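In case you want the letters, here they are:
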Amino acid sequence: MGIRKIGIIANSEKENAVHQSERLRDWLVERGVQVFLDEETAGMLDLKGGIPRDRLASLTDMIIVFGGDGTLLRAARSIRKSQVPLVGINLGGFGFMTVINLGDMFNAMEMILKGDYQTSRRMMLEASVDGVEHSALNDIVITRGSLSRMVVLETFIDGKYLTTYKADGLIISTPTGSTAYSLSAGGPIVKPEHYSIIITPICPHTLTNRPIMLPPEVTMTVVVMTPERGVSVTLDGQDLFELRSGDRVMIRKSPYDIHLVDSPLHDYWEILRTKLGWGGLP
């Protein structure tokens, strides 16, 4: 059947977003593809008929995201209940999920429209904060926020005590997020299709507190033991909630997965090597 209906989401704050969105829309329409724009993108192009982002997936076979990883993360959370694949087109900067560069856009899309592409299935995390469920594709981070001292976090796995972290914070990451904040804090790189939960402490007081990889079936509970106010939890670096002493954050694998379209022109190892500046073959 092929791809006949495509949605476009663009980050209005990114330079070139309007121009590139318009170029791709016109290119797709010329090839008989029906294009739907989310409300923000339609507004940028001075067009009517923009679709609310949480409805875009129900109308399309695929969604293209113009921006960086942050734009894709926001889009992923909004369409997480669907199986519609996301294509990330990088408008510059450093991105592990927006794997198609502007120079490759039309060549890559030509292959994708022909069905010559693969998707990778990415697990998400779900966090219960004050009894409200929130989702994250990259990570859930509990930090000291405005405090000048370390936070104290009691941690349990499936109800069994693990340890009490005294640190600047704690990163609970998916494999997709293993190349984000977790990597900066000394966490491992995990191939994104792998299903696991990664715990990485940020500047721990006890140097033997090292990153841990857990199976995806576990439920992790973090209890804030710091008496002062100022501790916070963020999801994908975008949604922030303040925590108080005694608050509990329950984290587990989300029932929803995200399907990201792999670059049809570059493999994962090439992208990883390029993004991290590793040397090539001698």
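Figured I'd write up the structure that's included with this text.

**Some details on the nonpolar core**
Most often, soluble globular proteins keep nonpolar side chains buried together rather than apart.
Turning to step 1, where the next piece is worked out: One finds Ile 6, Leu 24, Leu 28, Ile 64, Phe 66 and Met 109 to be the most contacted residues of the largest nonpolar core, which totals 29 residues.
Turning to step 2, where the next piece is worked out: Elements represented by at least two residues in this core include exactly strand E1 (5-10), helix H1 (17-30), strand E2 (34-37), helix H2 (39-44), strand E3 (62-67), strand E4 (86-90) and helix H5 (105-113).
Turning to step 3, where the next piece is worked out: Examining the composition of this core, we find that five residues originate from one element, H5, more than from any other.
Turning to step 4, where the next piece is worked out: Here Met 109 is in contact with Ile 6, Leu 24, Trp 27, Leu 28 and Ile 64, once residues within four sequence places are set aside.
Turning to step 5, where the next piece is worked out: In terms of nonpolar packing, the next biggest core, distinct from the first, is built from 27 residues, Val 129, Ile 199, Val 218 and Val 222 among them.

**Regarding the sheet that holds strand E8 (residues 139-143)**
Note: strands within a sheet are paired through backbone hydrogen bonds, in either parallel or antiparallel orientation.
Turning to step 1, where the next piece is worked out: Pairing within the open sheet is antiparallel, and its six strands lie in the order E13-E12-E11-E8-E15-E16. At either end of the open sheet lies a strand with only one pairing partner, and these are strand E13 (212-214) and strand E16 (239-242). Across the sheet, the mean angle from the axis of one strand to that of its neighbour is 15°, orientation sign disregarded.
Turning to step 2, where the next piece is worked out: Pairing of strand E12 (residues 197-202) with E13 involves three bridges; the strand directions are antiparallel. Among the inter-strand pairings, Ile 197 is bridged to a residue of E13, identified as Leu 214.

Criteria and thresholds
Residues numbered from 1 in each chain as written. Predicted model: local features only at pLDDT ≥ 70, side-chain atom pairs only at ≥ 80, totals over all residues. Heavy atoms only, no water. Core = buried A, V, L, I, M, F, W, Y, C linked by side-chain atoms within 4.5 Å. Buried < 20%, exposed > 50% of the residue type's maximum accessible area, 1.4 Å probe, protein only. Helix = DSSP H or I, 4+ residues; strand = E, 2+ residues; numbered from the N terminus. Contact = heavy atoms within 4.5 Å. Pairing = 2+ DSSP bridges. Axes fitted to C-alpha atoms, helices over the stretch in contact; angles between N-to-C directions.

Keep in mind that these numbers describe shape and distance, not what the molecule does.
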